[in-house]
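# What the coordinates show
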Amino acid sequence: MNNRYAWLEEEWRQLDQHSLARALHTVEPMSKDGGAWIHVSGQRLLNLSSNNYLGLAHDKRIVEAGMQAAQTWGAGGTASRLVNGNYTLYEELERQLAAWKEREGALVFANGYQANTGVISAMVGRGDAVFSDRLNHASIVDGIILGRANHYRYRHNDLEHLEYLLREQRGGRRKWIITDSIFSMDGDMAPLTALVELRDRYDAMLMVDEAHGGGVRGEQGQGLCHEAGLANQVDVLMGTFSKAFGVYGAYVCADEVVIRHLTNKARSLIYSTALPPFVIGSVLEALQLIQTETWRRVAVRRNARLFRHLLRLRGFSVEEGDTPIIPLAIGENELTLQYSRKLRERGIAAVAIRPPTVPAGSARIRFTVMATHTRADLEWAADQLKGIRDEL
Ligand SMILES: Cc1ncc(COP(=O)(O)O)c(C=O)c1O
């Protein structure tokens, strides 16, 4: 009999054979400890794979603010913001975001993926050149593809390579440099000051994705660009509410003229329903807490340094630093999966990151620490990891 899905079976077989298959795990409701521990399929696990860096996702004040917004405005966004979905809540949030980021304007998107694809495809077109770090997030790559611009990928954080490519394209149409601020799978930081200099020297524009810098860096959590004193230097600052904010959604901050252009051209904004009021209400509260509860930022950076130190003490090769993303390089897909499975058996949730999320041959366990992890949690986790290495 003709099997219409034989090709899907074959694709699956290929993935499985290369230890690249993915599956969903069911997480059960809980958390009285700031999200540091979770229940997965009935098992209590230390969560070392969450982007909830500040432990805000379960904060009662945020949940309460969301519920109040839902009670006032209803459950759904009901239409695109350009139709009838532009509740006053949105405008309040954008006003606060612009003030926080010290920029003229802000625009909220449904999520980080849609912000990057929508913004980039609205800002670039055929014949433009986009210079993008090789390790930038997939949503940036997809935005460039959607924009039909010429795509030049420079070697990770390699300024010489970037300058070489910029020089080659001198005199062309518009040029954009795009980078993550903190790289999502490597946890290292972009050389922002040097990127601003190159932007100026080559008459380009610069967009920075602060998905992992927002909330955790900068005096009031504005991100790495603020920490580097570059708040007003970057043309488009993008960030998300899905990570340190503990909620969902994303935003860009920029000059008013850019915001106006995006409101008219960003297709992911125009042709998609507004976020539900619950989300905006929660984000407004999270934004206050991010600015005022400085201890969370201090704690996550302390835990980031501590966990790196604990791993190094046990002989693991991890880079020093204080960003919450700590990759443990393993290399082979199958071995990385084994580490992840064994971590889980011992009570730790830490997922294996494999290609195409990271380059072939660079599979890893991506650990992330949170403000709400205790020293005992992290010491115990480092001991478990050492035990697994000895076993394998
Ligand atoms: C650097 C970066 N940009 C964008 C995104 C997408 O954000 P979201 O999860 O809100 O769609 C992510 C999240 O995975 C990310 O790591």
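Rules used throughout
Residues numbered from 1 in each chain as written. Predicted model: local features only at pLDDT ≥ 70, side-chain atom pairs only at ≥ 80, totals over all residues. Heavy atoms only, no water. Pairing = 2+ DSSP bridges. Helix = DSSP H or I, 4+ residues; strand = E, 2+ residues; numbered from the N terminus. Near = heavy atom within 4 Å. Polar contact = N/O pair within 3.5 Å; in protein donor to acceptor, adjacent residues only side chain to side chain. Areas by Shrake-Rupley, 256 points an atom, 1.4 Å probe, with all protein chains shown as cover. Expected span 1.5 Å × (residues − 1). Buried < 20%, exposed > 50% of the residue type's maximum accessible area, 1.4 Å probe, protein only. Arc of directions from axis to C-beta. Contact = heavy atoms within 4.5 Å. Axes fitted to C-alpha atoms, helices over the stretch in contact; angles between N-to-C directions. Salt bridge = Lys/Arg side-chain N within 4 Å of Asp/Glu carboxyl O. Phe/Tyr/Trp six-rings, centres within 6.5 Å; stacked < 30°, edge-to-face > 60°. Lys NZ or Arg CZ within 6 Å of the ring centre and 35° of its normal.

Ordered by their spatial adjacency, three strands build an open sheet running S11-S14-S13, and the pairing between neighbours is antiparallel. If you trace the sheet from one side to the other, it starts and ends with strand S11 (325–331) and strand S13 (352–353), each paired once. Strand direction decides the pairing type here: S13 and strand S14 (residues 363–368), joined by two bridges, are antiparallel. Within S14, the residue paired with Ile-353 across the bridge is Arg-364.

On to the site of the ligand, then. Taken together, the neighbourhood of the ligand is formed by 14 residues, with Gly-112, Asp-209, His-212, Ser-242 and Lys-243 sitting nearest. Within the side chain of His-137, a nitrogen or oxygen atom sits 3.2 Å from an oxygen atom of the ligand. Taken by itself the ligand offers 390 Å² of open surface, and the protein chains cover 83% of this. Per-element tally for the shell around the ligand: the top contributor is helix H4 (residues 112–123), with three residues.

Because the α-helix completes a turn every 3.6 residues, residues three or four places apart line up on one side. For helix H13 (residues 333–345), with 13 residues, the first-to-last C-alpha span of 19 Å sits near the 18 Å given by 1.5 Å per residue. Of the positions making up H13, those classed as buried are Asn-333, Thr-336, Leu-337, Tyr-339, Ser-340 and Leu-343. End-on, the buried residues of H13 take up no more than an arc of 155°, which puts them together on one face. On the buried face of H13, the contacting elements are S11, strand S12 (348–349), S13, S14 and helix H14 (375–391). Of the residues trailing H13, Gly-347 is marked for its positive phi of about 100°.

The four strands lie next to each other as S1-S2-S3-S12, forming an open sheet whose pairing is mixed. Because the sheet does not close on itself, it has two edges, and the strands there are strand S1 (27–28) and S12. One ladder, built from two bridges, connects strand S3 (residues 43–47) with S12; its direction is parallel. Bridging across to S12, Leu-46 finds its partner in Ile-348. Helix-sheet contacts for H13 involve strand S2 (37–40), S3 and S12, and the interaxial angle to S3 is about 120°.

You can see Asn-333 is positioned in helix H13. Accessibility expressed as a relative area gives 15% for Asn-333, which makes it buried. Polar side-chain contacts of Asn-333 include one of 3.1 Å to the backbone oxygen of His-18. Beyond its immediate stretch of four places on either side in the chain, Asn-333 contacts His-18, Ser-19, Leu-20, Arg-354, Pro-355 and Ala-363.

Time to look at the pattern of salt bridges. In this structure the tally under the stated criterion is 27 salt bridges. Between Asp-200 and Arg-199 there is a salt bridge, and its shortest N-O distance comes to 2.6 Å. Under the relative-accessibility criterion, Arg-199 is labelled buried at 8%. Between Asp-383 and Arg-314 there is a salt bridge; the shortest N-O distance is 2.8 Å. One end of the pair, Asp-383, is in helix H14; the other, Arg-314, is in the loop between helix H12 (294–313) and S11, and 69 residues separate them in sequence. In this structure Arg-314 comes out as buried when scored by relative accessible area, which is 17%. Beyond isolated ion pairs, a larger network of salt bridges with shared partners links Arg-217, Glu-227, Arg-301, Arg-305 and Asp-322.

With that settled, the discussion passes to the packing of aromatic side chains. Evaluated as defined, the whole model comprises eight aromatic pairs. Consider the rings of Phe-131 and Tyr-152, whose centres lie 5.2 Å apart with planes at 20°: the pair is stacked. With a gap of 21 residues between them, Phe-131 in strand S5 (residues 129–133) and Tyr-152 in strand S6 (residues 150–154) connect regions that are remote in the sequence. A relative accessible area of 0% means that Phe-131 is categorised as buried. Counting every residue linked through ring pairs, the aromatic cluster contains Trp-100, Phe-241, Phe-245 and Tyr-251. Lying over the aromatic face of Tyr-90, Arg-81 brings its terminal NZ or CZ to 3.9 Å of the ring centre. Positioned above the aromatic ring of Trp-100 is the side chain of Lys-101, whose terminal nitrogen or guanidinium carbon lies 5.3 Å from the ring centre.

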